[in-house]
Amino acid sequence: MLRRDDLKQAMNIVAQKEYGVPFERLDLQGKYEVLSGAIISQISPDWSATEAKYQEGKRAFYLSAEFLMGRALGNNLINLRSYDDVKSLMEEFGVDLNALEEVEYDAGLGNGGLGRLAACFLDSCATLNLPVTGYGIKYKYGLFKQYFEDGFQKELPDAWMTHGDPWTVRKDREAVEVVFEDMTVKAVPYDMPIIGFDTKNINTLRLWQAESVEPFDFEAFNHQAYDKAVAGKNRAEDISRVLYPNDDTEEGKLLRIKQQYFFVSASIQDMVKKHKAAGRKMDKFHKYHSIQLNDTHPAVAVPELIRLLMADGIKFEEALMICQNTCDYTNHTILAEALEQWSVEAYESILPEIVKIIKKIDLHLHKLLTEKNIDIVDMLDYKIIDHGNIKMAWLSIYGSSRVNGVAALHTQILIDSELNHWYKLFPEKFVNKTNGITQRRWIYYSNRELSDLITELIGDESWVTDLDQLRKLEKFADNEEVLKRFMAIKRVKKQQLADYIEEHEGIKLNVDAIFDIQIKRLHEYKRQLLNAFHILDLYHRIKADPKGDWVPRAFIFGAKAAPGYFRAKGVIKFINDIASLVNNDPEIGDLLKVVFVENYRVSYAERLFTGADLSEQISTAGKEASGTGNMKFMLNGTPTIGTLDGANVEIVEEAGEENNFIFGLKVEDIAVLHSLYSPTKPYKNTSGLKKVVDSLVDGTFDDEETGMFEELFESLMKGASWHEADNYYILADFESYREAHDRVAVSYKDELGWAKKCWMNMCGSGKFSSDRTIAEYASEIWHVTDQKL
């Protein structure tokens, strides 16, 4: 806990040093920056002590292209157990702490579930006092800032560091150089404190910023070649300029490769430097380091670590063995598009030494397969370099000790089909680690009202670090007084969300309506289009029977489509056009509203997850690896309408299928149906479906001659070939989905019955704490232990 007087003194020192005026004379932005800087100064002794303690033994390092951290101020104060005290201190200065929190811009360090998971994991590592450091990139610009124009998604730069970033500390003396064939860049580390809950341990997220070794060509400038004078600087800074630069062109692909190698090489160089500084030999590297590869973006860690070991005089075979005992790989998807492959030609043009090592690894694998008498035809399935491409997932699997899926169903699919050949070869590598979320941010911070009720009923705050404690609350599932208090809190959170949406989106919502929310990355397999079709069908049904016993509903979307993802952008335009139709129909009124929130981000999500009545988790069965949004909704007492996909399977096991709304084809159903499926049958035979699908092309909506809607229609009805039409089974699942929604409407009318469903979801959410997930990683994969100060 921060000491109030010390913090106040630190604030005055920082204000005078940075701004030359007392704290009270600063504007809100300045006050936010000074308060943040003062907190950093107060935690610095524990931060340094934590790092020193961790250097004594084995550590784990989490390499990820994304860390979607969200705002830091409020969450850090919560974990420091100082939120209320600092709120009171700010009131002395006439400042509302909530206003300071709103000043902070969400850090543009991630995009979707991959980055948010990494952030939750770091929170849990610190809370559990585990010696784990995160490594990533300090992007100058995030993915993009989204806005809508005539229903179309538009993108602006996500300039999240316009006012700087008070939560990172630059460490110039620990910079390293990263060498490419065509350039050498300097990687400068910026350290962000990761504050655990109610512990002195403070972990680190180290973010690398790319800078030029020679930032200014003075000779070129003197010759009045002004652009050339800073060309090297710009080329170097491009590497960390933007999260996920568009890679449609060859230049874009090269930048992506450079981006990945840049942060991986810098990170492993950093580990090696500290390992040697401690007087340790490189042949013992695996005894002190465990490197977790978060998806395939950091897969180049395998050849890079081998390169550095060989540079120290270690032979290739031993270096590979050390690497395989150091690295572990998390697979996040079965989608082929996400299992990265890079052309050998592109890689060789900028990383020739790395390609040589990858070829050695591939040859080593080939020899192993020969020794194991693998059929020569079957060997082709294992090739790391295949048809001129480097398969980064294959490189990760062979170069790692463990390969984990992120939900029980996902891991089983990997074992049974997608990676079955690798499983047969290395069954001991494959393990499951179901994802989790941190309850500190996703309820204790973002839903203080519900947190207070939980604490009151349990009797203490032990649940904040042991989420299984929520099971104790099942005894209140039939307690009418408790359920009414619970639902009153839900209504408060809905009102807060409705007020925020009205302020920012200009749409007024009926708080008595079911707040039905789907918030996640825009992708075909996540099936926002299925949701849209149901909304339009419901609109038609209400119009046909305006006096029917309809339950009011507000459908809320939040999602970004990748800038080059034409079809996903078409879905956004379609949903926004449906919203325009529905929201402007006076006959519908408050019975139906549709909102697509602009620029969905963590700080918006904190309101959406806590204000929801229904959680939309409707991906095609077998396509979603896990999902974590489903867990955040569940933790806040929100039932799921969803398929048996990803972690939904385990959510239903924990909360009970009777407390959720499951629909649609299962994985095994799709396996049988796949070769026989034609969308024409449900299109023609399902009541109301043809009308909503045809609305894409019959003039109901106008895509302004972009061809978006026709392309969507053809993807459903024709596909690139007959077996690719509706390949995410939207039309096949429509009727089942509609029936599930009808069950929701019936259940919602039973107030206490609905309250019990919500309550049981919250009570069953304990398994989905990232504390549980990280404890499993620590004991079963990383082999690191609690190092509490």
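Residues numbered from 1 in each chain as written. Predicted model: local features only at pLDDT ≥ 70, side-chain atom pairs only at ≥ 80, totals over all residues. Heavy atoms only, no water.

### Observations concerning the overall build of the chain
Inference 1: Summing up its helical and strand segments, the chain has 34 helices and 21 strands in all.
Inference 2: Against the compact-globule benchmark of 28 Å for 789 residues, the chain has a radius of gyration of 27 Å, which places it among compact chains.
Inference 3: Seen along its three principal axes, the alpha-carbon backbone of the chain occupies a region of about 80 × 75 × 65 Å.
Inference 4: Put simply, the chain has 789 residues, and 60% of those count as buried.
Inference 5: Restricting to contacts in the chain with at least 6 residues of sequence separation, those with at least 24 account for 76%.
Inference 6: Carbon and sulfur atoms make up 49% of the accessible area of the chain, which amounts to about 30500 Å² in all.
Inference 7: Mean positive and mean negative side-chain charge positions of the chain (94 and 124 charges, respectively) differ by 3 Å. (Helix = DSSP H or I, 4+ residues; strand = E, 2+ residues; numbered from the N terminus. Rg over C-alpha atoms; globule rule 2.2 N^0.38 Å. Buried < 20%, exposed > 50% of the residue type's maximum accessible area, 1.4 Å probe, protein only. Contact = heavy atoms within 4.5 Å. Areas by Shrake-Rupley, 256 points an atom, 1.4 Å probe, with all protein chains shown as cover. Lys, Arg positive; Asp, Glu negative; His and termini not counted. Charge placed at Lys NZ, Arg CZ, Asp CG, Glu CD.)

### Let's talk about a negative patch on the surface
Inference 1: A surface patch of like charges, here negative, comprises E149, D150, D702, E704 and E705.
Inference 2: Under the relative-accessibility criterion, E705 is labelled exposed at 80%. (Patch = residues over 30% accessible without salt bridge, like charges linked within 9 Å, V, L, I, M, F, W, Y side chains within 5 Å. Salt bridge = Lys/Arg side-chain N within 4 Å of Asp/Glu carboxyl O.)

### Focus on the environment of K593
Inference 1: Topologically, K593 is positioned in strand β18 (residues 592–596).
Inference 2: Residue class for K593 comes out buried when judged on its relative accessible area of 13%.
Inference 3: Put simply, K593 and N325 are 268 residues apart on the chain and 54 Å apart in space, counted from C-alpha to C-alpha.
Inference 4: Setting aside chain neighbours within four positions, we find K593 in contact with K508, L509, R553, A554, F555, V582 and N583.

### Here we look at the nonpolar core
Inference 1: Core analysis: the biggest nonpolar cluster contains 156 residues, and F533 and W759 have the highest contact counts within it.
Inference 2: Ranked by residue count, the leading element in this core is helix α23 (residues 528–544), at 9 residues.
Inference 3: Residues within four places of F533 in sequence aside, it is in contact with F574, V692, V693, L696, L716, I730, L731 and F734.
Inference 4: By size, the runner-up hydrophobic cluster in this structure holds 114 residues, among which are F61, A236, V272 and Y347. (Core = buried A, V, L, I, M, F, W, Y, C linked by side-chain atoms within 4.5 Å.)

### Observations concerning helix α34 (residues 770–782)
Inference 1: Under the 1.5 Å per step criterion, the end-to-end length of α34 is only 16 Å for 13 residues, more than 12% shorter than the ideal 18 Å.
Inference 2: Structurally, the start of α34 carries an N-cap: the backbone nitrogen of D771 is 3.0 Å from a side-chain oxygen of S769.
Inference 3: Backbone geometry just after α34 places H783 at a positive phi near 60°. (Expected span 1.5 Å × (residues − 1). Polar contact = N/O pair within 3.5 Å; in protein donor to acceptor, adjacent residues only side chain to side chain.)

### Some details on the sheet that holds strand β20 (residues 640–642)
Inference 1: The strand order β18-β17-β16-β19-β20-β21 describes an open sheet built from 6 strands, whose pairing is parallel. This sheet does not close on itself; its edge strands, each paired only once, are β18 and β21 (661–662).
Inference 2: Bridge analysis of strand β16 (residues 514–519) against strand β19 (residues 614–617) gives 2 bridges, and the strand direction is parallel. Each bridged residue has a counterpart across the sheet, and for D516 the counterpart in β19 is L614. (Pairing = 2+ DSSP bridges.)

### Observations regarding the sheet that holds strand β11 (residues 341–343)
One key point about sheets: their strands pair by backbone hydrogen bonds, in either a parallel or an antiparallel sense.
Inference 1: With antiparallel pairing, the 3 strands of this open sheet are ordered in space as β11-β13-β12. Sheet topology places β11 and β12 (385–386) at the edges, where each strand pairs with a single neighbour.
Inference 2: Across 2 bridges, β12 lies against strand β13 (residues 389–391) in antiparallel orientation. Counterpart to D386 in the pairing with β13 is N389.

### Structural notes on empty space enclosed by the protein
Inference 1: Across all of its chains, the model carries 4 cavities of 30 Å³ or more by this definition.
Inference 2: One number sums up the size of the largest cavity: a volume of about 130 Å³.
Inference 3: Looking at the lining of the largest cavity, the elements that each hand over two or more residues are α23, α24 (566–583) and α31 (708–717).
Inference 4: A per-element tally of the lining of the largest cavity places α31 first, with 3 residues.
Inference 5: When grouped by side-chain class, the residues that make up the lining of the largest cavity number 7 nonpolar, 4 polar and 4 charged. (1 Å grid on protein atoms, 1.4 Å probe; cavity = no way out; pocket = protein on both sides within 12 Å on 5 of 7 lines; lining within 4 Å. Points joined across faces, edges and corners; volume = space filled by probe spheres on them. Nonpolar A, V, L, I, M, F, W, Y, C, P; charged D, E, K, R; others polar.)

### Overview of the packing of helix α12 (residues 301–311) against helix α13 (residues 316–324)
Inference 1: Where α12 contacts α13, the two axes come as close as 9 Å, and the packing angle between them is 130°. Accordingly, the angle class assigned to the pair α12 and α13 is oblique. In this structure, the crossing between α12 and α13 has a hand that is right-handed. Touching V302, L305, I306, L309 and M310 of α12 are F316, A319, L320, I322 and C323, all from α13.
Inference 2: The residue makeup of the contact of α12 with α13, split by class, is 10 nonpolar, no polar and no charged. (Axes fitted to C-alpha atoms, helices over the stretch in contact; angles between N-to-C directions. Parallel < 35°, antiparallel > 145°, perpendicular 65-115°, else oblique. Left-handed = near helix turned anticlockwise from the far one by under 90°.)

### Description of the side chain of T133
Inference 1: When you line up the elements, T133 lands in strand β2 (residues 132–137).
Inference 2: Of note is the side chain of T133, whose polar atom sits 3.1 Å from the side chain of R59.
Inference 3: If we ignore the near neighbours within four places in the chain, the residues touching T133 are R59, A60, F61, Y62 and T204.

### Things to note about the packing of aromatic side chains
Inference 1: With the rule as written, the count across this model stands at 29 aromatic pairs.
Inference 2: Here F121 and Y777 contribute two aromatic rings whose centre-to-centre distance is 5.6 Å and whose plane-to-plane angle is 65°, an arrangement assigned as edge-to-face. With F121 in helix α6 (residues 113–127) and Y777 in helix α34, the pair connects residues that are 656 residues apart, well separated along the chain. The two residues F121 and Y777 agree in class, both being buried.
Inference 3: Residues F574 and F701 carry aromatic rings whose centres are separated by 5.5 Å and whose planes lie at 90° to one another, so their mutual orientation is edge-to-face. Of this pair, F574 sits in helix α24 while F701 sits in the loop between α30 (689–694) and α31; the two residues are 127 residues apart in sequence, bridging distant segments of the chain.
Inference 4: Its relative accessible area of 0% is what places F574 among the buried residues.
Inference 5: The exposure class of F701 is buried, given its relative accessible area of 10%.
Inference 6: Linked through ring pairs, Y62, F67, F121, Y777 and W782 together constitute an aromatic cluster.
Inference 7: The lysine or arginine in question, K138, covers the ring of Y190, its NZ or CZ lying 4.5 Å from the ring centre.
Inference 8: For K573, the ring lying beneath its charged end belongs to F152, and the centroid distance is 4.5 Å. (Phe/Tyr/Trp six-rings, centres within 6.5 Å; stacked < 30°, edge-to-face > 60°. Lys NZ or Arg CZ within 6 Å of the ring centre and 35° of its normal.)

### Some words on the pairing of strand β6 (residues 176–179)
Inference 1: Because side chains alternate across β6, one face comprises the buried residues V176 and V178, and the other comprises E177 and V179, none of which is buried.
Inference 2: Bridge count between β6 and strand β7 (residues 184–195): 4 bridges; the pairing is antiparallel. Within β7, the residue paired with V176 across the bridge is A187.

### Thoughts on the packing of α23 against helix α32 (residues 730–749)
Packed helices, taken two at a time, are described by their axes: the angle between them and the distance between them.
Inference 1: Axis separation between α23 and α32 bottoms out at 10 Å; the angle between their running directions is 55°. Classed by the angle they form, the pair α23 and α32 counts as oblique. Seen along the crossing, α23 lies across α32 with a hand that is right-handed. Within the contact between the two elements, α23 uses L529, L530, N531, F533, H534, D537 and R541 and α32 uses I730, L731, F734, Y737, R738, H741 and D742.
Inference 2: Of the residues contributing to the contact of α23 with α32, the split by class is 7 nonpolar, 3 polar and 4 charged.

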